Each structure stands twice: as structure tokens, then as C-alpha cells.
Amino acid sequence: MFYLIGLGLGDATDITVKGLRAVKSCSRVYLEAYTSVLTGGKEALEEFYGRELIVADRDLVEQQADQILKDAHVTDVAFLVVGDPFGATTHSDLVLRAVNAGIPYKVIHNASIMNAVGCCGLQLYRFGETVSLVFWTDTWRPESFYDRICKNREAGQHTLCLLDIKVKEQSEENMMRGKKIYEPPRFMTVAQAADQLVQIVQRRRAEGETLGLTEDTLCVGLARLGADDQVVRVATLQQLVSCDLGGPLHSLVITGQLHPLEVDMLQLSAEADVMKNLHVLDGSTYWS
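Calculation notes
Residues numbered from 1 in each chain as written. Predicted model: local features only at pLDDT ≥ 70, side-chain atom pairs only at ≥ 80, totals over all residues. Heavy atoms only, no water. UniProt positions renumbered as here; feature names shortened; annotations may be inferred. Pairing = 2+ DSSP bridges. Helix = DSSP H or I, 4+ residues; strand = E, 2+ residues; numbered from the N terminus. Axes fitted to C-alpha atoms, helices over the stretch in contact; angles between N-to-C directions. Contact = heavy atoms within 4.5 Å. Polar contact = N/O pair within 3.5 Å; in protein donor to acceptor, adjacent residues only side chain to side chain. Expected span 1.5 Å × (residues − 1). Buried < 20%, exposed > 50% of the residue type's maximum accessible area, 1.4 Å probe, protein only. Lys, Arg positive; Asp, Glu negative; His and termini not counted. Salt bridge = Lys/Arg side-chain N within 4 Å of Asp/Glu carboxyl O. Core = buried A, V, L, I, M, F, W, Y, C linked by side-chain atoms within 4.5 Å.

If you look the protein chain up in an unreviewed UniProt entry, it shows as diphthine methyl ester synthase from Takifugu bimaculatus. Its UniProt record, at the heading Sequence similarities (unreviewed entry), says of the protein chain: "Belongs to the diphthine synthase family." UniProt, in its Pathway (unreviewed entry) section for the protein chain, records the words "Protein modification; peptidyl-diphthamide biosynthesis."

Written out as C-alpha cells, the structure reads:
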């Protein structure tokens, strides 16, 4: 059997009982280590699970998937994913490869940012398309995520923004020279994400474009959801540029139309006076 097992969002103890039983039964256990991270790292997981873990980086998962699935038709193999196994499309590819190879598989789900984001007080069914924000470089500054956020807001929907993670990445120079030298890990913060969005807003305003969001748009900064030290900060986009929510992982929510109950919940984590610009139109709550 090939197992895809979600680990949840907090620490080693967030694995389900079913997931832990499967881990202990497997001959090989891989830990996916490039789409997310878990508090405590590999060593804490090994101590709690009582098993040695094989770290699976992007190259192994995307280029050498057959190595992960090797012998899974005659022995149990587990692939551990922080959050839920289907939080990244790469893991769907593993399932398809297993099916094509005649290997039975089983998925053991867990909490992920996609449902845990509800802790901020926004109702899950009022979210639109989820977007990813990537680190800009000197020569690559994509803005497509801004347009998708605006599309959600036009429909009154909130937007969950997943922030970039750089683990075991090579510089362009080392990649071109074939050197296996990797850059230090980087995790985009809420402040960095907010700053990129503000830059887009300012550029498009200067070009006379009608704006779908502004520096005063109500947002929610999230850090380390599921951990004991999780942080939820409700503030304007501009205020979040200067916020420090601590260590990774961070996520950002751009609000759309707000239900009165959502307003009450957001006030629990709001910066002082940040909710003063709310008003009601046709029975619905909006942020001006």
C-alpha cells in the first residue's frame, strides 16, 4: 500500500491516530519538505513517530517519483505531507503514478490552511479562488495574483493568499554552472506580501486604473496556524506592511463583503480603530 498522510499544521502530535498507525507499519517513510514546514522539524517527527524519515525534496518528488513508489506493491510506503495531502498538485501526480503502476493507495486526511483559516472569523464558504504570492526578483515581478484578488472582491468574496516558500533553491549562477549549492531557506512574511501588493496598487493608480483594492483594504495576517503561538492580526493592507508576526509560516487574507458575524469575529483580532471604516449598504457590510 502507498499511503499519503496529512500531518496537520502544528507539531508532531497533530498526526491522526489512523495516520500514526500507518506510519508505524511502513517499511519506508518519506517527509515532503518543500511545500510547507512543521514546527520542530524532522528530528521532532522522528522522535514522536519512532521511525526514521527520508526527506523528499522537490527534485525527488517531481523528477524521481518512481523511487518513492518502488516496491510499494509488495510493502507499505508512506509519504507525509504537512497539512493535508492534496494541498499541492504534486501529490495528485503521485496518486496517478501509483494507479498507473497498479499500486493500491490510501489517503489519510488532516487539517490544512485551507480550512484552518476559518479561525480568523471569516466564513469558509465566503472565500473565492485561493492565490499564491511569489517572491519578486529584479527581472520578474508578476502581478496576476492581484487581478484574481480583485475578481474575488468584485464578487464579494474573501481571498486566501498562500505565501512563497523557498527551500533548497539554487541561485541562477549556480544552476547554470551545475553546482549543487543551495540558498538559505526563505519564507515570505505577511509584511513582504503586503508590500508587494501596495506597490502594485500604487503603480496601477498612477496609470489611472480603477482599483479593486487599496492600501486601506481590510486584511488578515496569519502566522503559524495550529501552533501554540499562532498569530491572527486584522489590519489594513498598509498597516500590515510594517507588522512583524514572527517566524514562518505566514498567510494573508484579503477580505471581501463581510457578514455581521464576521465583523464581530474580526474585531477580536483587530488593530485599534481599524474597524471604524465599516458601513452597511443594502443590508451587507462593506469596508470603505
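A. How the structure looks around the sheet that holds strand E10 (residues 218-223). Pairing is mixed in the open sheet, where five strands are placed in the order E6-E7-E12-E10-E11. The open sheet terminates on both sides in strands that have one partner only, identified here as strand E6 (131-133) and strand E11 (231-236). Put simply, the sheet's adjacent strands are angled 25° from each other on average, direction ignored. When E10 meets E11, the two strands line up antiparallel, connected through six bridges. In the strand pairing of E11, Ala 223 is matched with Val 231. Contacts from helix H7 (residues 144-154) reach E6, strand E7 (159-163) and strand E12 (250-254) within the one sheet, and its direction differs from that of E6 by about 145°. On top of the sheet, helix H9 (residues 190-206) reaches E6, E7, E10 and E12; it is set at about 40° to E12, its chief contact.

B. Seen up close, the UniProt feature "binding site: S-adenosyl-L-methionine" (unreviewed entry) in the protein chain. Sites flagged by UniProt as "binding site: S-adenosyl-L-methionine" (unreviewed entry) map to Leu 9, Asp 84, Gly 87, Ser 112, Ile 113, Leu 163, Leu 225 and His 250. Assignment of secondary structure puts Leu 9 in the loop between strand E1 (2-6) and helix H1 (17-25). Within the secondary structure, Asp 84 is located in the loop between strand E4 (77-81) and helix H5 (89-100). Filtering out sequence-adjacent residues up to four positions away, Asp 84 remains in contact with Gly 6, His 109, Asn 110, Ala 111 and Ser 112. In terms of polar contacts, Asp 84 uses its side chain to reach the side chain of His 109, at 2.9 Å.

C. A look at H9. Here H9 is 17 residues long and its end C-alpha atoms lie 24 Å apart, about the 24 Å a rise of 1.5 Å per residue gives. The set of residues buried in H9 consists of Val 190, Ala 191, Ala 193, Ala 194, Gln 196, Leu 197, Val 198, Ile 200, Val 201 and Arg 204. Buried residues along H9 sit against E6, H7, E7, E10, helix H10 (237-241) and E12. Looking one or two residues beyond H9, the residue adopting positive phi is Gly 208, at roughly 80°.

D. The arrangement of the side chain of Arg 51 in detail. Looking at the element boundaries, Arg 51 is found in the loop between helix H2 (41-49) and strand E3 (54-56). Of the side chains with opposite charge, Glu 52 lies nearest to the buried Arg 51, which makes no salt bridge, at 7.5 Å. Looking at Arg 51, its side chain comes within polar contact range of the main-chain oxygen of Val 23, at 2.9 Å. Here Cys 26 takes part through its backbone oxygen, which lies 2.5 Å from a polar atom of the side chain of Arg 51. In contact with Arg 51, not counting residues within four places along its chain, are Val 23, Lys 24, Cys 26, Ser 27, Arg 28, Val 29 and Glu 46.

E. View of the nonpolar core. By size, the foremost hydrophobic cluster in this structure holds 29 residues, and its most contacted members are Leu 133, Leu 197 and Leu 252. Elements supplying a minimum of two residues to this core: E6, H7, E7, H9, E10, E11, H10 and E12. At seven residues, the largest contribution of residues to this core is made by H9. Filtering out sequence-adjacent residues up to four positions away, Leu 133 remains in contact with Phe 145, Cys 161, Leu 162, Leu 163, Asp 164, Met 188, Ala 193 and Leu 197.

F. Geometry of the sheet that holds E4. The sheet built from five strands is open, its strands ordered E3-E2-E4-E1-E5 with parallel pairing. Every other strand in the sheet has two partners, leaving E3 and strand E5 (105-108) as the edge strands with one partner each. Going from strand to strand, the sheet's axes swing by 20° on average, the running direction of each strand aside. By the bridge criterion, four bridges tie E1 to E5 in an arrangement that is parallel. Bridge pairing in E5 places Tyr 3 opposite Lys 106. In this fold H1 packs onto E1, strand E2 (28-32), E4 and E5, with an angle of close to 140° to the strand it touches most, E1.

G. Seen up close, the pattern of salt bridges. This structure, assessed with the given rule, holds 13 salt bridges. We note a salt bridge from Asp 147 to Arg 204, for which the minimum N-O separation is 2.7 Å. With Asp 147 in helix H7 and Arg 204 in helix H9, this residue pair connects regions lying 57 residues apart in the sequence. Residue Arg 204 is classed as buried on the basis of its relative accessible area, which comes to 8%. A salt bridge links Arg 203 to Glu 207, with the nearest nitrogen and oxygen atoms 2.6 Å apart. When its relative accessible area of 55% is taken as the criterion, Glu 207 is described as exposed. Look at the salt bridges and you will find they share partners, linking Glu 143, Asp 147, Arg 203, Arg 204, Glu 207 and Glu 209 into a network.

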